[in-house]
Amino acid sequence: MSRPVSIHKLQAMRENGEKITVVTAYDATFGRLASDADIEVILVGDSLGMVLQGHDSTLPVSISDMAYHTAAVSNGASTPFIVTDMPFMSYHSEAQAMDNAASLMQAGAHCVKLEGGQWLCPTIAKLVERGVPVCAHLGLTPQSVNQLGGFKVQGRLPEQAAAMLADAKAVEAAGACLLVLECIPSALAKLITDSISIPTIGIGAGADTSGQVLVMHDLLGLNPRPARFVKNFMHESDSLLGAFCAYREAVRAKTFPASEHESA
Ligand code: KIV
């Protein structure tokens, strides 16, 4: 059996130019499938508020929802590194972030993901100091959908791009071990990836990030209105495991994402 994936392995993959595959999963069965497909990272995303619970945003998701689904994934997944989203308003103070991160780590997460840039750095530093690996998330940050005015591409204007680059450097300096870049121009994702040392994981951010993440329901063709950056891997497979493997292969071979999957 393969060894569990660690933050050191992910960092080494970035340094060796090997692409990292990330998929969301929310239960033991799909956690096992991701594990069987040799996918490096499972994201227990707060996207579960939309794809499992049927809400139109991630805002209603609670910390107990995230702990419940993390425990289920952890029971099924043996090797992937498990990153769990801290949901909306669960990290608005450092003390609250500590308590909520503790419950997710105790449920089986190996790392927690938080949306935000420089304002979040003291919280990131405190979590890392206390032994909690942190994945940061910039670009389209779905918990801020009301502030952003919708699920839109971010970082198109030069001043927005400069601010995002500064945020990326700040979260790395604060101790984040991974950075998700969502729905940003591919040139900006490349600039950020080239400007920091930790792995970047893109979604709708082009081909030049250190890895890719897709929401499971999107890659399995279960989304009736898929975004431009999504690919349905069931089209080239006759099983769920086959679709997970096809996605992993396409990321490793750098055939996904192709230019038609870019946000801008
Ligand atoms: O919640 C989620 O699934 C995510 C990904 C879209 C990156 O944050």
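What you see is a predicted model, and the numbers here were worked out from it, not measured in a lab.

Peer 1: An account of the pairing of strand β1 (residues 20-24) is needed here, citing residue identities and associated values.
Peer 2: Where burial is concerned, most of β1 is hidden: five out of the five residues are buried. Pairing of β1 with strand β8 (residues 211-214) involves four bridges; the strand directions are parallel. What sits directly across from Ile 20, in β8, is Gly 211. Where β1 meets strand β2 (residues 41-44), three bridges bridge the pair, whose relative direction is parallel. Residue pairing in the sheet places Val 22 in a bridge with Val 41 of β2.

Peer 1: Got a sec to walk through a nonpolar patch on the surface? Specific residues and values, please.
Peer 2: On the surface, Met 50, Val 51, Leu 52 and Phe 151 cluster together into a nonpolar patch covering about 310 Å² of accessible area. If you trace the backbone, Val 51 turns up in helix α3 (residues 48-51).

Peer 1: Tell me what's going on with the sheet that holds strand β4 (residues 111-115), and back it up with residues and numbers.
Peer 2: If you trace the eight strands once around the closed barrel, you get β1-β2-β3-β4-β5-β6-β7-β8, paired in parallel fashion. With strand direction ignored, the average angle separating the axes of adjacent strands in the sheet is 25°. Pairing of β2 with strand β3 (residues 81-85) involves four bridges; the strand directions are parallel. What sits directly across from Leu 43, in β3, is Val 83. With respect to the sheet, helix α5 (residues 94-107) is in contact with β3 and β4, its orientation differing from that of β4 by roughly 140°. With respect to the sheet, helix α11 (residues 240-252) is in contact with β1 and β8, its orientation differing from that of β1 by roughly 145°.

Peer 1: So what about the packing of aromatic side chains? Which residues, and what values?
Peer 2: Tallied over the entire structure, the rule returns five aromatic pairs. Seen in terms of ring centroids, Tyr 247 and Phe 256 are 6.2 Å apart; in terms of plane orientation they differ by 70°. Their pairing is edge-to-face. As far as burial versus exposure is concerned, Tyr 247 and Phe 256 are alike and both buried. Ring pairing ties together the aromatic residues Phe 233, Tyr 247 and Phe 256, which thus form one cluster.

Peer 1: Would you mind going over the pattern of salt bridges in detail, with residue names and values included?
Peer 2: One pass over the structure, following the stated rule, counts eight salt bridges. The closest approach of N and O atoms between Lys 231 and Glu 236, which form a salt bridge, is 3.1 Å. A relative accessible area of 25% places Lys 231 in the partly exposed class. Accessibility expressed as a relative area gives 47% for Glu 236, which makes it partly exposed. Across the pair Arg 248 and Glu 249 runs a salt bridge, and its minimum N-O distance is 2.7 Å. A residue is classified by how much of its surface remains accessible, and Glu 249, at 38% relative accessible area, is partly exposed. Among the ionic contacts, a cluster of salt bridges with common partners joins Asp 38, Glu 40 and Arg 252.

Peer 1: Go over helix α1 (residues 7-16) with me, naming the residues and quoting the values.
Peer 2: Within α1, burial applies to Leu 10, Gln 11 and Met 13. Each buried residue of α1 lies within a common arc of 155° when the element is viewed along its axis, so the set occupies one face. Among the exposed residues of α1, those pointing more than 90 degrees away from its buried face are His 8, Glu 15 and Asn 16. Against β1, β2, β3 and β6 (178-182) lie the buried residues of α1. Gly 17, located one to two residues past α1, shows a positive phi value of around 75°.

Peer 1: Now, about unusual backbone geometry: what can you tell me, with residues and values included?
Peer 2: A cis amide bond links Phe 256 with the next residue in sequence, Pro 257, at an omega value of 0°. Of note, Pro 257 is situated in the segment after α11. The phi dihedral of Met 89 is positive, around 65°, even though this residue is not glycine. Examined against the element boundaries, Met 89 turns out to sit in the loop between β3 and α5. Of note, Lys 254 is a non-glycine position whose phi angle comes to about 65°, a positive value.

Analysis parameters
Residues numbered from 1 in each chain as written. Predicted model: local features only at pLDDT ≥ 70, side-chain atom pairs only at ≥ 80, totals over all residues. Heavy atoms only, no water. Buried < 20%, exposed > 50% of the residue type's maximum accessible area, 1.4 Å probe, protein only. Helix = DSSP H or I, 4+ residues; strand = E, 2+ residues; numbered from the N terminus. Pairing = 2+ DSSP bridges. Patch = residues over 30% accessible without salt bridge, like charges linked within 9 Å, V, L, I, M, F, W, Y side chains within 5 Å. Areas by Shrake-Rupley, 256 points an atom, 1.4 Å probe, with all protein chains shown as cover. Salt bridge = Lys/Arg side-chain N within 4 Å of Asp/Glu carboxyl O. Axes fitted to C-alpha atoms, helices over the stretch in contact; angles between N-to-C directions. Contact = heavy atoms within 4.5 Å. Phe/Tyr/Trp six-rings, centres within 6.5 Å; stacked < 30°, edge-to-face > 60°. Arc of directions from axis to C-beta.

Shape is all these values report; function is a separate question.
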